[in-house]
Amino acid sequence: MLAVAAALICPAPSSADEGGISFWLPGLNGSLAAVPGVPGPSFTALYYYTSLSAGGGKTFELGGKIVGGLGGQANLAAFGPTYTFATPVIGAQLSVSLLGIAGASTASVDATLTGPFGRSISGSRSDEIGGFGDLIPQAALKWNKGVNNFMTYVTGDIPAGNYSSNRLANLGIGHAAIDGGGGYTYLNPATGREFSAALGLTYNFENMTTHYQNGVDLHLDWGASQFLSKQFLVGIVGYVYAQISPDGGAGATLGSFESRVLGIGPQIGYMFPIGSAAQGYINLKGYKEFAAQNRPDGWNLWLTMVITPAPPHHENAQALLFPTGQR
């Protein structure tokens, strides 16, 4: 489904681009990503933890400085409403949502060199921050054709979060971004087998404080699962993340700085009724990163809960359809 950009604004160094941070957080999508949702209002709550680091031999542009030995951790909560329309739009189901971010992060560097504007520090330095992050609106269209499900989405970043170019840790990315793409889910209730993949591109606007513009980012999130019962699934998830155009702007003193990373890990999910009028879905997944270039790497953990209206009584649990992209 539509990638709810919950952790898109990870405050710790978690992706590519300026300071090792990108709008799209790899792993956001997963199993059941393109499956249409139950019409009506719903709510998503997501907890995200990550721990990442890059050796002192790796340098990054951050707040007008060139830093080495970048590392950090983040504890984030993403939450917000989604509304899924019952009336089809060009034969598809339309959903719209808005997510907010709150949490805390820490970041550190082992060494700092003089930046392009003459600002510099030396030795080790750490920073910590808590508060609210950026706002993430999104819209998605989803189609169902038997066991085949398709979707297209658009989302973006409204830079309203706690951000300062003078800090190592932030709860916003300091610039606007727009992201769009599509996805596919194979879901066979008869066998309980499922496979999903979602591909997207991010265009980043210039950070007007640092005059740094991240390049265009390509991301592929995927998941495969097997229902062991009508409510319980297990499987694997993974992602590929890579810049396909160089960073730019007056502040991009490290040159193109194109980056990439891969991740893979396990997942479990559980569906359950909430009275007679609602249903819930909980998913836990984790990723170990590898093959990183020009970015910190490490591991991350996702815990998601989605509450939606109850589906029609004739639908079984494997056909429960969720209106948000967190899986």
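In this text, all values refer to a predicted model and were calculated from it rather than measured experimentally.

A few words on the overall build of the protein chain. Broken down by element type, the protein chain carries zero helices and 16 strands. Contacts in the protein chain between residues far apart in sequence, at least 24 positions, make up 68% of those at least 6 positions apart. In the form shown here, the protein chain has an accessible surface area of approximately 11,900 Å², with 65% of it arising from carbon and sulfur atoms.

Burial of the side chains of strand 11 (residues 193–204) is restricted to one face: Glu194, Ser196, Ala198, Gly200, Thr202 and Asn204 are buried, whereas none of Arg193, Phe195, Ala197, Leu199, Leu201 and Tyr203 on the reverse face is. For strand 10 (residues 177–188) and strand 11, the ladder comprises 12 bridges, and the chain directions are antiparallel. Paired with isoleucine 178 across the two strands is tyrosine 203, which belongs to strand 11.

Let us look at the nonpolar core. Formed by 25 residues in total, the largest nonpolar core has its most connected members in Tyr48, Leu76 and Trp302. Contributions of two or more residues to this core are made by strand 1 (40–53), strand 4 (71–84), strand 5 (93–109), strand 9 (148–157) and strand 13 (232–243). Core analysis: the second largest hydrophobic core is formed by seven residues, Leu32, Phe227, Leu233 and Met271 among them.

What follows concerns the layout of surface pockets. Each pocket or cavity is described by its volume, and for the second largest pocket that value is around 150 Å³. As for the second largest pocket, its lining consists of 12 residues, of which Pro36, Ala92, Gln93, Lys142 and Asn144 are closest to the centre. Here the element with the most residues in the lining of the second largest pocket is strand 8 (residues 136–145); it accounts for three residues. Each residue belonging to the lining of the second largest pocket can be placed in one class, and the counts come to eight nonpolar, three polar and one charged.

Phi at leucine 32 takes a positive value of approximately 65°, unusual for a residue other than glycine. Looking at the element boundaries, leucine 32 is found in the segment before strand 1. Taking relative accessible area as the criterion, leucine 32 reaches 1% and is therefore assigned buried. A positive phi angle, near 55°, is found at histidine 211, a position not held by glycine. Mapped onto the elements of the fold, histidine 211 is located in the loop between strand 11 and strand 12 (217–227).

Bridge count for strand 8 against strand 9 is eight bridges, and the pairing is antiparallel. Residue pairing for strand 9: alanine 139 is matched across the bridge by valine 154. Count of turn residues in the strand 8/strand 9 antiparallel hairpin: two residues, of which glycine 146 carries a positive phi of about 65°. The pairing of strand 9 with strand 10 spans 10 bridges and is classified as antiparallel. Its bridge partner being in strand 10, asparagine 148 is matched across the sheet by tyrosine 186.

This part is about the environment of alanine 278. Take alanine 278: it is sitting in strand 15 (residues 278–293). Judged by its relative accessible area of 18%, alanine 278 is buried. Filtering out sequence-adjacent residues up to four positions away, alanine 278 remains in contact with Pro273, Ile307, Thr308, Pro309 and Ala310.

So, about the confidence of the model for the protein chain. Considering every residue of the protein chain, the mean pLDDT works out to 81; 76% of them sit at 70 or more. Counted against residues more than four places away or in other chains, residues 1–16, with its pLDDT under 50, gives 118 contacts. Low pLDDT, under 50, characterises residues 114–118; the stretch is placed with 12 contacts to residues that sit more than four places away or in other chains.

How each quantity is defined
Residues numbered from 1 in each chain as written. Predicted model: local features only at pLDDT ≥ 70, side-chain atom pairs only at ≥ 80, totals over all residues. Heavy atoms only, no water. Helix = DSSP H or I, 4+ residues; strand = E, 2+ residues; numbered from the N terminus. Contact = heavy atoms within 4.5 Å. Areas by Shrake-Rupley, 256 points an atom, 1.4 Å probe, with all protein chains shown as cover. Buried < 20%, exposed > 50% of the residue type's maximum accessible area, 1.4 Å probe, protein only. Pairing = 2+ DSSP bridges. Core = buried A, V, L, I, M, F, W, Y, C linked by side-chain atoms within 4.5 Å. 1 Å grid on protein atoms, 1.4 Å probe; cavity = no way out; pocket = protein on both sides within 12 Å on 5 of 7 lines; lining within 4 Å. Points joined across faces, edges and corners; volume = space filled by probe spheres on them. Nonpolar A, V, L, I, M, F, W, Y, C, P; charged D, E, K, R; others polar. pLDDT = per-residue confidence, 0-100.

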